[in-house]
Amino acid sequence: MCDRERGWSEVPLVKTWQLTAGAAVAGLALSVAAVTAAGPWDSGQRKAERDKAASWGRTGGADHDGGAAAGPLPQAAPSAPGVLGAVGPGVPRGRAAAAAPADALAARLRPLLADPALGTVRTASVVDTATGQVLYESGARDAMTPASTVKIATAAAVLAALGPEHRIRTTVVPGATPGQVVLVGGGDPSLTAKKKSPAGSGGSLVALAADAAQALKAAGTDTVTLAYDDSLYSGPVRHPIGVNPNIAPVTALAADEGRPDDSTSGPVDRADDPSGAAARAFRTLLAERGVKVTGEPVRARAAAGAQPLAVTQSTPVAGLVERMLTNSDNDIAEALARQTALASGQPASFEGAEKAVTARLAGLGLDTAGSRFADGSGLSRADKVSAGLLTGLLAKAAGPDHPELRPVLTGLPVAGFTGTLRARNAGTSPAAGLVRAKTGTLTGVNSLSGTVVDATGRLLAFAFLTANSPGPEGAEKGLDKLAAAVAGAP
């Protein structure tokens, strides 16, 4: 049986950043450059979060059906517990409460890290993102299978390669024969064939068909043949784990991640040929707009330098990164790894992406010795990273020298509120709203890496990687206790 990524959110893929968790937000705003700005890339996450918070009920996290007869309007979700005391955005760091010594943190973490539920191998790293000071480590340079926490590396690499504002294009160009048009995939993982995608903004086959139909009619053409070009990617389209409901075949042309239903996240059987499925959906959309398409769509190469009849663009890379991290989206992860390869002059394949991601992280000044990025999603057990590398990446994203990496932080799920952490450290947990972290789960492998604002206002980065756990539930609880301990929770 293939390993499956756990912790998929059942909420729509439009991500949210729980603005009511005021203490965590204030902490991020304090922490050196990590948070002088949440980033200029409001891809909808923060707006969606405000809307989502307003729709939640009094229990602060449970979704409720809310008709007019359901009683009074729901209250806003509860805020996270205050952690900064009198410290505010205008208060210098030196006036904050004295930081707890590292040995106090070690005293909290050691017994928790010894929990047998975490398995037989456990590594840890905790650093102060402002100073780079190592506050605690145990096997921090040991390469481990990271599961989906490798998406932090994928995110940093693509942001370093392309920048947060880059958009991926899907185009329609004239074909090689009269009356032919070619749908050309650019690898946009946000591309949708729905009129209004529940996943949020992204490239739209609907808009592309409307623009293409208009251009064709203006040229006096109302009947065409359709070809599609997905040649941008190379190598195997199947992930090495094989057919798996957690990931579609990796192609340069896919609509709605090859999902045959209205789901936006979580495991579901995918189209065997996402490129062909997208082309057939586009044929239908053209027909609905008065352009007859004769015959079946066929795979063909677009002519080099062909001028587009119509173009649609993806969500900016910053938004794709946030969406990937919040919901642990494997399809977006593999697409972003290939975009990193293309931007780095490597083939857009699993092998090319591995070389490109490794080079981009090294270019950020990180030690990648012993690391391997066999895929972008973490579904592969061949992936290897260390806890120290993950905290190093998070510290880079928080630093003043790399503002382009900020979406690595803003995309992390919020404990008790969003994405794959919505049900973890939730409710009355003192870490709710304070911990932001990427989860990782394969059979016997459990990991958690992210940031937390401690009681003194420091933004700390942490990573806990474990192996050979007897079961996921106990391991996840153990990891959540470790994250809460970093926050200074009892």
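Residues numbered from 1 in each chain as written. Predicted model: local features only at pLDDT ≥ 70, side-chain atom pairs only at ≥ 80, totals over all residues. Heavy atoms only, no water.

To continue, consider the overall build of the chain. The secondary structure content of the chain amounts to 12 helices and 11 strands. In the chain, which comprises 490 residues, the proportion classed as buried is 58%. By sequence separation, contacts in the chain at least 24 residues apart represent 71% of the contacts at least 6 residues apart. Put simply, the chain shows about 18600 Å² of open surface, and 55% of that area lies on carbon and sulfur atoms. (Helix = DSSP H or I, 4+ residues; strand = E, 2+ residues; numbered from the N terminus. Buried < 20%, exposed > 50% of the residue type's maximum accessible area, 1.4 Å probe, protein only. Contact = heavy atoms within 4.5 Å. Areas by Shrake-Rupley, 256 points an atom, 1.4 Å probe, with all protein chains shown as cover.)

Bringing the pattern of salt bridges into the picture now. Overall, the coordinates contain 14 salt bridges when judged by the stated rule. In this structure, Asp 262 and Lys 194 form a salt bridge, with 3.9 Å as the shortest nitrogen-oxygen distance. Residue Asp 262 is found in the loop between β5 (223-229) and α6 (274-288), and its partner Lys 194 is found in the loop between β4 (180-184) and α5 (205-218); the two are separated by 68 residues along the sequence. Where Glu 354 meets Arg 372, a salt bridge forms, and the shortest distance between an N and an O atom there is 2.9 Å. With Glu 354 in helix α9 (residues 350-363) and Arg 372 in the loop between α9 and α10 (387-398), this residue pair connects regions lying 18 residues apart in the sequence. The class for Glu 354 is buried, based on a relative accessible area of 19%. Taken together, the shared-partner salt bridges connect Lys 194, Asp 256 and Asp 262 into one network. (Salt bridge = Lys/Arg side-chain N within 4 Å of Asp/Glu carboxyl O.)

As a further point, take the packing of aromatic side chains. All told, the structure shown has one aromatic pair when counted by the stated rule. Over the face of the ring belonging to Tyr 233 we find Arg 338, whose NZ or CZ atom lies 5.7 Å from the ring centre. Here the guanidinium or amino end of Arg 338 rests over the ring plane of Phe 350, the centre of that ring lying 4.1 Å away. (Phe/Tyr/Trp six-rings, centres within 6.5 Å; stacked < 30°, edge-to-face > 60°. Lys NZ or Arg CZ within 6 Å of the ring centre and 35° of its normal.)

Another aspect to go through is the nonpolar core. Grouped together as the largest cluster of nonpolar side chains are 42 residues, with contacts concentrated most on Val 321, Leu 361, Phe 373, Leu 393 and Val 408. Not counting residues within four places of it along the chain, the set of residues in contact with Val 408 comprises Ile 152, Ala 155, Ala 156, Leu 159, Val 321, Leu 325, Leu 394 and Ala 397. Counting residues in each nonpolar core, the second largest holds 27 residues, with Leu 105, Ala 415, Val 435 and Leu 460 among its members. (Core = buried A, V, L, I, M, F, W, Y, C linked by side-chain atoms within 4.5 Å.)

For the rest of this paragraph, the subject is the packing of α5 against α6. Running from amino to carboxyl end, α5 crosses α6 at an angle of 50°, the nearest separation of the two axes being 9 Å. One way to sum up the angle between α5 and α6 is to call them oblique. Handedness of the crossing formed by α5 with α6: right-handed. Residues Leu 205, Val 206, Leu 208, Ala 209, Ala 212 and Ala 213 of α5 form the contact with α6, whose participating residues are Ala 278, Phe 282, Leu 285 and Leu 286. The residue inventory of the contact of α5 with α6, partitioned by class, reads 10 nonpolar, no polar and no charged. (Axes fitted to C-alpha atoms, helices over the stretch in contact; angles between N-to-C directions. Parallel < 35°, antiparallel > 145°, perpendicular 65-115°, else oblique. Left-handed = near helix turned anticlockwise from the far one by under 90°. Nonpolar A, V, L, I, M, F, W, Y, C, P; charged D, E, K, R; others polar.)

Looking now at helix α3 (residues 102-113). With 12 residues, α3 should cover 16 Å at 1.5 Å per step; its first-to-last C-alpha distance of 16 Å lies within 8% of that length. Within α3, burial applies to Leu 105, Ala 106, Leu 109 and Leu 113. Considered in projection along α3, the buried side chains sweep an arc of 100° and stay on one side of the axis. Counted as exposed and oriented over 90 degrees from the buried face of α3: Asp 103, Ala 107 and Pro 111. In this structure, the buried residues of α3 make contact with β1 (121-128), β2 (134-138), β11 (459-467) and α12 (472-486). (Expected span 1.5 Å × (residues − 1). Arc of directions from axis to C-beta.)

All right, on to the packing of α3 against α12 then. Between α3 and α12, the shortest axis-to-axis distance is 10 Å and the interhelical angle comes to 175°. Our classification of the angle between α3 and α12 gives roughly antiparallel. Each of Leu 105, Arg 108, Leu 109, Leu 112 and Leu 113 in α3 lies in contact with α12, whose residues at this interface are Lys 481, Leu 482, Ala 485 and Val 486. Among the residues forming the contact of α3 with α12, the class breakdown is seven nonpolar, no polar and two charged.

Positioned with a positive phi, Asp 256 is a non-glycine residue whose angle comes to about 55°. Its location among the elements puts Asp 256 in the loop between β5 and α6.

Moving on to the sheet that holds strand β10 (residues 445-453). Taking strand neighbours across the sheet as the criterion, the five strands line up as β2-β1-β11-β10-β9 in an open arrangement whose pairing is antiparallel. Both edges of this open sheet fall to β2 and β9 (435-442), since each of them pairs with a single strand only. This sheet shows a mean twist of 5° between the axes of neighbouring strands, independent of strand direction. Where α10 meets the sheet, it contacts β1, β10 and β11, and its direction lies at approximately 155° from that of β11. Packing of α12 onto the sheet brings it into contact with β1, β9, β10 and β11, and relative to β10 it is tilted by some 20°. (Pairing = 2+ DSSP bridges.)

The next subject is the confidence of the model for the chain. Predicted coordinates in regions of low pLDDT should not be interpreted in detail. Of the residues in the chain, 78% reach a pLDDT of 70 or more, and the chain-wide mean stands at 84. Confidence drops under pLDDT 50 across residues 1-97; counting only partners more than four residues distant or on other chains, this segment forms 213 contacts. (pLDDT = per-residue confidence, 0-100.)

Residue placement: Thr 312 occurs in strand β8 (residues 310-313). Engagement of the side chain of Thr 312 in a polar contact is seen with the backbone nitrogen of Ser 204, the distance being 2.9 Å. Once you skip the residues sitting within four places of it in the chain, Thr 312 turns out to touch Ile 168, Arg 169, Thr 170, Leu 191, Gly 203, Ser 204 and Leu 208. (Polar contact = N/O pair within 3.5 Å; in protein donor to acceptor, adjacent residues only side chain to side chain.)

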